[in-house]
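# Architecture and fold: a report
Listed here are the chains, written in short residue letters.
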Amino acid sequence: MADREIQFNVKRQDGPEAAPYWEEFTMPYSSGHNVVSALMYLREHPCNANGETVNPVVWDCNCMEEVCGACAMLINGVPRQACAALVDDLEQPIVLEPLSKFPVVRDLVVDRQRMFDALLKIKAWVPVDGSWDIHRHAPLISPNEQSIRYLFSRCMTCGCCMEACPQFQQDSKFIGPAPFAQVRLHNSHPTGSFFNPDRLHAIMGEGGITDCGNAQNCVEVCPKDIPLTDAIAELGRQTTIQWIRDLFVR
Amino acid sequence: MATKPKVIVVGGGVGGLWATIRIVERNVPVDLFSLFPVKRSHTCCAQGGINAVFDIKGQEDSVWQHIVDTIKGGDYLADQPPIRSMCEAAPGLVRTYDRMGVTFSRTPEGIMDQRLFGGVKNRRTAFAGATTGQQLLYAADEQVRACEADGKVTKYEEWEFLSVVLDDKGTCRGIAAMNLNDMTVHTFRADAVILATGGLGLIFGRSTMSTNSTGAAASRVYQQGAKFANGEFVQFHPTAMKGHDKLRLMSEACRGEGGRIWVPRTPGDTRDPREIPESERFYFLEEWYPAYGNTVPRDVASRAEFRVVRHMGLGVGGQDIVYLDLSHHPRAFLEARLGAILDMYRTFSGEDPYTGPMKIFPAMHYSMGGILVGFAKDEQTGGMQSIHPDNHQSTIAGLFACGECDSAFHGANRLGANSLLSATYSGMIAGDASVAYTKGLKNGSADTADRHFESEKNRQEEINQALISSDGTENPFALHRELGELMQEHVFVERDNKGLDKALEGIRQLRARSARMRVDDKATRVNQSLSWARQIQDMIVLAEVIAKGARMRDECRGSHYKAEFELKIPEGKFEGDPEFERYKAKWKANNEKWLKITVATHAKDGPKIDYRPVDLSVLAPTKPRDYR
Ligand SMILES: Cc1cc2nc3c(=O)[nH]c(=O)nc-3n(C[C@H](O)[C@H](O)[C@H](O)COP(=O)(O)OP(=O)(O)OC[C@H]3O[C@@H](n4cnc5c(N)ncnc54)[C@H](O)[C@@H]3O)c2cc1C
Ligand code: SF4
């Protein structure tokens with residue numbers, strides 16, 4: 001089938017303030033393409049389905065193996081990593097849209113700074129005295145606990161769970177699901193846990209954990225199968241205990 | 001210095017992040033530049049692990065053995081005092097990662113586990129599931145975020161480094177960078193600059209690397225006068241799967257955990273691999289190298305695959321493919337040890353690696369060469385002084401380099417799991433060195449005349465303008481594809497001088513054509529085509545450094561292989577045998593001629609190549625490598 005094609009319908013936008021528009025593209029079929037490799041073909045041949053030369057579609061990507069989190073977008077309506085979306089598995093025309101919960105920068109590129117700001121807010125790190133060697137390891141961690149922590153440590157800040165969450169909106173205060181996984185992760189580290197109250201307080205106020213509507217969409221879409229709802233349930237308990245503690249300390 | 005010092009770090013992989021942490025610990029503020037949020041850096045691709053000797057597997061492992069393995073693995077082509085210091089520092093660095101919360105895999109007793117990796121005989125590699133690089137990157141990213149919370153780090157993410165700003169004496173006083181949102185050029189002052197911009201895999205078109213690994217930043221400072229060392233030494237990884245966008249790595253851990261490499265003994269065998277009986281499978285690594293079997297070093301494995309496919313015609317289905325098989329292991333074991341890697345294979349190929357073999361072939365994977373950096377030797381210990389302004393400083397005063405973009409530690413080849421270590425260690429050392437350097441400065445960058453910054457800004461804006469307004473015919477993405485094809489044809493696993501001459505000729509043509517590029521994107525925001533067009537010009541310059549170094553080096557060493565100059569070990573002969581002794585004499589003579597570091601200096605008509613001696617003060621070569 002020499003004339004088999006791959007068809008795309010792409011939602012484009014020239015800048016944050018510009019109006020979005022749709023544009024169709026076609027390219028010759030070849031097996032083994034994913035959405036990133038197809039976009040690479042299209043940027044080399046920036047010609048729309050009407051044969052007009054247009055500005056190439058822009059998108060973010062780096063690792064091309066689903067660990068950096070850069071290339072998340074809506075593919076046929078589902079938030080996922082473009083590099084791991086095999087063309088052969090997708091219905092055509094393949095519809096590409098930028099994630100809708102973040103401001104569009106241009107075409108498929110969105111600004112996810114809000115997610116990094118959240119990591120700052122929740123203090124997602126294990127405080128250390130310094131980077132120098134203190135001639136000791138971290139305290140012992142059981143293989144079982146390690147394997148649970150490992151699940152959470154793979155969050156690549158891609159934003160798919162945020163996109164799927166009905167409570168997380170561009171103009172809502174809700175911090176969104178991904179940061180909760182990081183609170184859960186750092187709170188379970190033997191020395192990270194010394195600072196649990198700080199992290200818990202960061203998710204106890206407005207926009208925090210009580211704003212979760214329990215829709216459970218987040219776990220459905222997470223490409224890393226991160227048990228987000230487990231984290232949220234666990235943190236529900238931890239914040240309640242913290243709330244009671246705070247009553248006595250006050 | 002009258003004003004308070006400031007350092008710029010370019011790049012936020014583990015190298016740049018460790019440099020940042022160290023500088024902040026010494027109370028100097030950092031401006032950190034990266035093409036995208038640093039958490040997305042290429043380091044996240046590293047799967048297998050990081051080397052550090054803890055000797056917890058009853059194998060009497062030692063730091064000395066790690067030093068010896070690193071030196072020999074690099075075929076003696078790296079200065080040895082830094083290797084010694086790096087291996088000595090490794091356990092401390094990995095302990096620090098552990099304290100930072102890295103989810104290292106554990107032994108039943110709850111301490112960090114260690115696994116086997118290619119090229120060594122001891123279990124020395126700490127790992128976090130199959131995503132060690134991601135975990136180490138995140139730990140460093142989190143610590144830098146803590147520094148950010150304290151107001152000590154300012155991040156410039158989605159900015160592209162374009163050049164360093166030099167004063168009249170040629171000292172580095174800052175950088176020029178482009179905001180990748182509105183494509184405007186700005187200059188920034190700094191008393192020292194650290195480049196931590198990663199590898200250069202994209203010069204080979206597709207590789208195991210990420211889109212940030214173009215080598216463009218290193219090329220830019222090379223064109224401004226920094227010397228580039230050992231460019232011809234490029235590691236080809238023996239186990240990568242094919243793809244239109246990249247050649248995805250199947251980690252060395254696959255071999256470490258018992259993966260077996262084979263092809264059907266009958267050429268063109270079309271049977272389902274699962275139906276081919278043991279006796280009809282050719283486990284060529286096990287047969288040819290019984291002592292190491294499937295865990296021979298990467299270059300040995302890559303060439304063996306090449307030989308089996310290209311010379312013996314045994315490639316699976318007549319293609320550039322051999323099998324990497326783990327399907328003899330129980331599923332639960334594989335899921336626990338290699339889950340992420342095998343899932344990736346399934347995701348990107350659509351085939352199941354738990355029940356059948358994977359299809360792989362060698363791919364460009366790591367650049368041992370890079371920006372030439374110095375070190376201050378410690379005569380007492382034989383290592384390098386831990387804090388000294390010479391450490392990791394390039395040949396441009398005030399410009400440092402760390403991580404994969406520098407040329408230290410790995411010589412002619414890199415051991416698996418040694419580069420997360422070298423990126424971490426060199427980041428630490430370069431960070432400390434940059435602060436020591438600023439302390440010795442009489443005048444800071446605040447005293448540098450504005451005109452240096454203005455003229456650099458103008459120069460960069462002119463490059464942009466020329467590309468945007470060009471009515472040329474050359475497509476920057478097509479040029480990149482052609483560059484990759486050329487490099488994979490002639491500057492790959494096996495090299496010969498005829499082919500290298502063709503490569504050099506082809507590169508010169510590409511360079512001429514790159515002056516006639518057209519940028520299809522006419523937008524003024526997020527213009528990725530403009531950014532790419534600039535990068536491809538710089539990649540072509542480094543490609544010439546790599547190809548010319550390879551052309552001139554008439555020997556086989558580490559990853560650099562020219563059949564014509566191979567000194568073959570006489571089969572079945574060992575030390576004491578006259579035939580073996582004759583071979584050894586030839587090997588010695590070759591070392592006298594070629595055991596020296598290639599140093600490239602930029603010139604208008606192409607790189608000028610010189611050589612300098614290697615510091616062999618820790619372990620001088622006495623015997624050739626022998627993996628039989
Ligand atoms: C698939 C794969 C698996 C690997 N597995 C292992 C392993 O198991 N063990 C091991 O030890 N090593 C491994 N390696 C090697 C190791 O991952 C790398 O050598 C190491 O991560 C390099 O880190 P780095 O800090 O030098 O650079 P990178 O992580 O590549 O980061 C480069 C940084 O520079 C920035 N940058 C680049 N250019 C510019 C510019 N012009 N302007 C501004 N910023 C710029 C980028 O934004 C990025 O932040 C692996 C490599 C690959 C490809
Ligand atoms: S939790 Fe999952 S979906 Fe959400 S940002 Fe992290 S990796 Fe992406």
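A short tour of the structure in this document, coming up.

Definitions and limits used
Residues numbered from 1 in each chain as written. Chains lettered and ligands numbered in written order. Predicted model: local features only at pLDDT ≥ 70, side-chain atom pairs only at ≥ 80, totals over all residues. Heavy atoms only, no water. Helix = DSSP H or I, 4+ residues; strand = E, 2+ residues; numbered from the N terminus. Buried < 20%, exposed > 50% of the residue type's maximum accessible area, 1.4 Å probe, protein only. Contact = heavy atoms within 4.5 Å. Areas by Shrake-Rupley, 256 points an atom, 1.4 Å probe, with all protein chains shown as cover. Lys, Arg positive; Asp, Glu negative; His and termini not counted. Charge placed at Lys NZ, Arg CZ, Asp CG, Glu CD. Near = heavy atom within 4 Å. Polar contact = N/O pair within 3.5 Å; in protein donor to acceptor, adjacent residues only side chain to side chain. Nonpolar A, V, L, I, M, F, W, Y, C, P; charged D, E, K, R; others polar. Phe/Tyr/Trp six-rings, centres within 6.5 Å; stacked < 30°, edge-to-face > 60°. Salt bridge = Lys/Arg side-chain N within 4 Å of Asp/Glu carboxyl O. Axes fitted to C-alpha atoms, helices over the stretch in contact; angles between N-to-C directions. Parallel < 35°, antiparallel > 145°, perpendicular 65-115°, else oblique. Left-handed = near helix turned anticlockwise from the far one by under 90°. Pairing = 2+ DSSP bridges. Expected span 1.5 Å × (residues − 1). Bend = angle between axes of the 7 residues up to and from the residue. Core = buried A, V, L, I, M, F, W, Y, C linked by side-chain atoms within 4.5 Å. Domains from an automatic or database assignment.

Moving on to the overall build of chain B. When you go through chain B residue by residue, the secondary structure sums to 15 helices and 21 strands. Reported as C-alpha extents along the three principal axes, the dimensions of chain B are approximately 75 × 55 × 50 Å. Expressed as a percentage of the 628 residues in chain B, the buried residues total 66%. Taking as baseline every contact in chain B between residues at least 6 positions apart, the subset at least 24 positions apart corresponds to 72%. Roughly 21,400 Å² of accessible area belongs to chain B as shown, and the carbon and sulfur atoms make up 48% of that amount. Within chain B, the 81 negative side-chain charges are centred at a point lying 1 Å from the centre of the 80 positive side-chain charges.

Further remarks concern the site of ligand 1. Residues and elements named next belong to chain B. Close to ligand 1 lie 39 residues, the nearest being Ser-41, Thr-43, Phe-161, Glu-404 and Leu-420. Within the backbone of Val-14, one N or O atom sits 3.3 Å away from an oxygen atom of ligand 1. Between an oxygen atom of ligand 1 and a side-chain N or O atom of Asn-212, the distance comes to 3.3 Å. Burial of ligand 1 by the surrounding chains reaches 99%, relative to a free accessible area of 1,000 Å². Counting residues per element, the ones that place at least two in the shell around ligand 1 are helix 1 (14-25), strand 2 (30-34), strand 7 (159-166), helix 5 (216-223), strand 17 (358-367) and helix 10 (419-439). Of the residues forming the shell around ligand 1, the biggest block, three residues, is contributed by strand 7. For the shell around ligand 1, the class distribution of residues is 16 nonpolar, 19 polar and four charged.

What follows deals with the environment of B:Asn179. Residues and elements named next belong to chain B. Mapping Asn-179 onto the fold places it in strand 8 (residues 172-179). Relative accessible area serves as the criterion here: at 14%, Asn-179 is assigned to the buried category. Considering only alpha carbons, one finds Asn-179 and Leu-616, 437 residues apart in sequence, at a separation of 44 Å. When neighbours within four sequence positions are excluded, Asn-179 is seen to be in contact with Glu-158, Trp-159 and Thr-184. In terms of polar contacts, Asn-179 uses its side chain to reach the backbone amide nitrogen of Asp-182, at 3.4 Å.

Let us look at the packing of aromatic side chains. Tallying each qualifying case throughout the model produces 23 aromatic pairs over all chains. Seen in terms of ring centroids, A:Phe102 and A:Phe168 are 5.7 Å apart; in terms of plane orientation they differ by 50 degrees. Their pairing is tilted. Taken as a pair, A:Phe102 in the loop between strand 5 (94-97) and strand 6 (104-106) and A:Phe168 in the loop between helix 4 (160-164) and helix 5 (178-187) lie far apart in primary sequence, 66 residues in all. A:Phe168 carries the same exposure label as A:Phe102, and that label is buried. When the centroid spacing of 5.7 Å and the interplanar angle of 75 degrees are considered together, the rings of B:Trp594 and B:Tyr611 count as edge-to-face. Of this pair, B:Trp594 sits in helix 15 (residues 578-594) while B:Tyr611 sits in strand 21 (residues 608-613); the two residues are 17 residues apart in sequence, bridging distant segments of the chain. Judged by its relative accessible area of 8%, B:Trp594 is buried. Among the aromatic side chains, those forming a connected cluster through ring pairs are B:Phe33, B:Tyr156, B:Trp159 and B:Phe188.

On to the interface of chain A and chain B, then. Contacts between the two partners involve 71 residues from chain A, matched on the other side by 72 residues from chain B. In this assembly, chain A and chain B are joined by four salt bridges. In this structure, A:Glu44 and B:Arg481 form a salt bridge, with 2.3 Å as the shortest nitrogen-oxygen distance. Between the two partners, chain A and chain B, sit 39 residue pairs in polar contact (both at pLDDT 80 or more). Where the side of chain A that touches chain B is concerned, the elements lending two or more residues are helix 1 (35-44), strand 6, helix 2 (113-121), helix 3 (143-153) and helix 5 of chain A. Of the residues assigned to the side of chain A that touches chain B, the class counts are 35 nonpolar, 23 polar and 13 charged.

With respect to the element layout, B:Thr208 can be found in the loop between strand 10 (192-195) and helix 5. Among the polar contacts made by the side chain of B:Thr208, one reaches the side chain of B:His365 at a distance of 2.6 Å. Contact partners of B:Thr208, with chain neighbours within four places excluded, come to A:Glu65, B:His42, B:Ala240, B:Lys246, B:Leu247, B:Leu249, B:Ala363, B:Met364 and B:His365.

Residues and elements named next belong to chain B. At a minimum axis separation of 9 Å, helix 2 (residues 63-73) and helix 3 (residues 80-99) run at an interaxial angle of 140 degrees. Taken together, the axis directions place helix 2 and helix 3 in an arrangement best described as oblique. Crossing geometry of helix 2 relative to helix 3 is assigned as right-handed. Of helix 3, the residues touching helix 2 (which contributes Val-63, Trp-64, His-66, Ile-67, Thr-70 and Ile-71) are Gln-80, Ile-83, Arg-84, Met-86, Cys-87, Glu-88 and Ala-90. When its residues are assigned to classes, the contact of helix 2 with helix 3 shows eight nonpolar, three polar and two charged.

Let us now look at the pairing of strand 1 (residues 7-10) of chain B. Look at any regular strand and the pattern is simple: side chains alternate between the two faces of the sheet. All names here are of chain B. The alternating pattern of strand 1 places Val-7 and Val-9 and Ile-8 and Val-10 on opposite faces, both of which are buried. Pairing between strand 1 and strand 10: four bridges, direction parallel. Considered in strand 10, the bridge of Val-10 is made with Leu-195.

Attention shifts here to the sheet that holds strand 12 (residues 234-241) of chain B. Residue and element names in this part refer to chain B. Taken in spatial order, the six strands line up as 13-12-17-16-14-15 in an open sheet, and their pairing is antiparallel. Edge strands, defined here as strands with exactly one partner in the open sheet, are strand 13 (248-249) and strand 15 (281-282). Relative to strand 15, strand 14 (residues 260-264) is paired through two bridges, and the arrangement is antiparallel. Within strand 15, the residue paired with Val-263 across the bridge is Phe-282.

Residues and elements named next belong to chain A. Omega for the peptide link from Gln-92 to Pro-93 comes to -5 degrees, which places this bond in the cis form. Mapped onto the fold, Pro-93 is located in the loop between strand 4 (78-81) and strand 5. In this structure, Gln-216 takes a positive phi of about 65 degrees despite not being glycine. Residue placement: Gln-216 occurs in the loop between helix 6 (196-202) and helix 7 (217-221).

Residue and element names in this part refer to chain B. For helix 9 (residues 331-349), built from 19 residues, the straight-helix expectation of 27 Å at 1.5 Å per residue is missed by more than 12%, its first-to-last C-alpha distance being only 19 Å. A maximum bend of about 100 degrees is found in helix 9 at Leu-338. For helix 9, the complete set of buried residues consists of Leu-334, Leu-338, Gly-339, Ile-341, Leu-342, Met-344, Tyr-345 and Phe-348. Residues of helix 9 that are buried sit in contact with strand 4 (114-115), strand 12, strand 13, helix 6 (253-256) and strand 17. Two residues or fewer after helix 9 comes Gly-350, characterised by a positive phi angle close to 80 degrees.

Among the nonpolar cores identified, the biggest contains 235 residues, and A:Phe8, A:Leu96, B:Tyr97, B:Ile175, B:Ile203, B:Phe204 and B:Met250 are the most heavily contacted of them. Here this core takes 13 residues from helix 14 (residues 528-552) of chain B, the largest share from any one element. When residues are assigned to domains, this core turns out to be shared by domain 1 (5-110) and domain 2 (113-249) of chain A, each giving three or more. When near neighbours in sequence (up to four residues on either side) are disregarded, B:Ile175 contacts B:Ile8, B:Val10, B:Phe33, B:Phe161, B:Ser163, B:Val164, B:Val165, B:His186, B:Thr187, B:Phe188 and B:Val193. Grouped together as the second largest cluster of nonpolar side chains are 18 residues, B:Ala229, B:Leu372, B:Val599 and B:Val618 included.

The next point concerns the pattern of salt bridges. A full pass over the atoms with the stated rule returns 60 salt bridges over all chains. Residues B:Arg260 and B:Glu278 are paired through a salt bridge, measuring 3.8 Å at the closest nitrogen-oxygen approach. With B:Arg260 in strand 14 and B:Glu278 in the loop between strand 14 and strand 15, this residue pair connects regions lying 18 residues apart in the sequence. B:Arg260 gets classed as partly exposed once you look at its relative accessible area, which sits at 23%. The partner of B:Lys359 in a salt bridge is B:Glu351, with the nearest N and O atoms 3.5 Å apart. Residue class for B:Lys359 comes out partly exposed when judged on its relative accessible area of 32%. For B:Glu351, a relative accessible area of 33% gives the class partly exposed. In this structure, a network of salt bridges that share partners links the residues A:Arg12, A:Glu23, A:Arg106, A:Asp107 and B:Asp521.

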